[in-house]
Amino acid sequence: VQLVESGGGLVQPGGSLRLSCAASGFTFSRYTMNWYRQIPGKGRELVAGITSASGSINYADSVQGRFTISRDNAKNMVYLQMNSLKPEDTAVYYCNVVYGIAYWGQGTQVTVSS
């Protein structure tokens, strides 16, 4: 299983970023995919999750209405569109799948600062 995140960077408050996660090594279309984030010194927080056929989507309260998770099962990709970014969204963002055990990508840094 391999998960590779991309799309992080530095953005001003109120700005937008789109994170991408390329997945391989398992039957992508059958599994729920998640985005987590981690601030140094704190545990990982579930940001959003999307079930296999996009039938169910959930968001952390802190990002509801600002972030949108989506997936493309034909491309084995999951995305996180982040709008109206706030300084408190600054974190390393990780793609996650539970395929027997939890697998994680290497993470992509998102920094929201003026």
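Residues numbered from 1 in each chain as written. Predicted model: local features only at pLDDT ≥ 70, side-chain atom pairs only at ≥ 80, totals over all residues. Heavy atoms only, no water.

### Here's the deal with the sheet that holds strand S3 (residues 17–24)
(1) Moving on: Ordered in space as S1-S3-S8-S7, the 4 strands form an open sheet in which the pairing is antiparallel. At either end of the open sheet lies a strand with only one pairing partner, and these are strand S1 (2–6) and strand S7 (67–72). Each adjacent strand pair in this sheet contributes to an overall mean axis angle of 15 degrees, direction not counted.
(2) Moving on: Where S1 and S3 come together, 5 bridges link them in antiparallel fashion. In the sheet register, Ser6 faces S3, and the bridge partner there is Ser20. (Pairing = 2+ DSSP bridges. Helix = DSSP H or I, 4+ residues; strand = E, 2+ residues; numbered from the N terminus. Axes fitted to C-alpha atoms, helices over the stretch in contact; angles between N-to-C directions.)

### Details of the pattern of salt bridges
Proximity of charged atoms lets side chains of opposite charge pair with each other.
(1) Moving on: This structure, assessed with the given rule, holds 3 salt bridges.
(2) Moving on: Between Arg37 and Glu45 there is a salt bridge, with its nearest N and O atoms 2.8 Å apart.
(3) Moving on: A relative accessible area of 6% means that Arg37 is categorised as buried.
(4) Moving on: On the basis of relative accessibility, which here comes to 31%, the residue Glu45 falls in the partly exposed class.
(5) Moving on: Linking Arg66 and Asp89 is a salt bridge whose minimum nitrogen-to-oxygen distance equals 2.7 Å. Here Arg66, found in the loop between strand S6 (57–59) and S7, pairs with Asp89, found in the loop between strand S8 (77–82) and strand S9 (91–99); they are 23 residues apart in sequence, far enough to count as distant.
(6) Moving on: Relative accessible area serves as the criterion here: at 10%, Arg66 is assigned to the buried category.
(7) Moving on: Take Asp89: its relative accessible area is 0%, and that puts it in the buried class.
(8) Moving on: Overlapping salt bridges bring together Arg37, Glu45, Arg66 and Asp89 as one network. (Salt bridge = Lys/Arg side-chain N within 4 Å of Asp/Glu carboxyl O. Buried < 20%, exposed > 50% of the residue type's maximum accessible area, 1.4 Å probe, protein only.)

### Let's talk about the nonpolar core
Inside soluble globular proteins, nonpolar side chains tend to come together where they are buried.
(1) Moving on: Counting 28 residues, the largest nonpolar core has Met33, Trp35, Val78, Leu80, Met82 and Tyr93 as its most contacted members.
(2) Moving on: Contributing elements (two or more residues each) for this core: S3, strand S4 (33–38), strand S5 (44–50), S7, S8, S9 and strand S11 (108–112). (Core = buried A, V, L, I, M, F, W, Y, C linked by side-chain atoms within 4.5 Å.)

### Comments concerning the state of the cysteines
(1) Moving on: Counting across every chain of the model gives 1 disulfide.
(2) Moving on: A sulfur-sulfur distance of 2.2 Å marks the disulfide that ties Cys21 to Cys95. Looking along the S-S bond of the Cys21-Cys95 disulfide, the torsion reads about -85 degrees, which is the left-handed sense. Note that Cys21 is positioned in strand S3 and Cys95 in strand S9, a separation of 74 residues in sequence. Residue Cys21 shares its accessibility class with Cys95, and that shared class is buried. (Disulfide = S-S within 2.5 Å.)

### Remarks on the pairing of S3
(1) Moving on: Here S3 pairs with S8 via 6 bridges, running antiparallel. Paired with Ala22 across the strands is Met77, a residue of S8.

### Quick word on the environment of Glu5
(1) Moving on: Position of Glu5 among the secondary structure elements: in strand S1.
(2) Moving on: For the pair Glu5 and Ser20, spaced 15 residues apart in the sequence, the C-alpha separation amounts to 5.5 Å.
(3) Moving on: When sequence neighbours within four positions are dropped, the list of residues in contact with Glu5 reads Ser20, Cys21, Trp35, Tyr93, Tyr94, Cys95, Gly105, Gln106, Gly107 and Thr108.
(4) Moving on: Within the structure, the side chain of Glu5 is placed 2.7 Å from the backbone nitrogen of Cys95, a separation counted as a polar contact.
(5) Moving on: Polar side-chain contacts of Glu5 include one of 3.0 Å to the backbone nitrogen of Gln106. (Contact = heavy atoms within 4.5 Å. Polar contact = N/O pair within 3.5 Å; in protein donor to acceptor, adjacent residues only side chain to side chain.)

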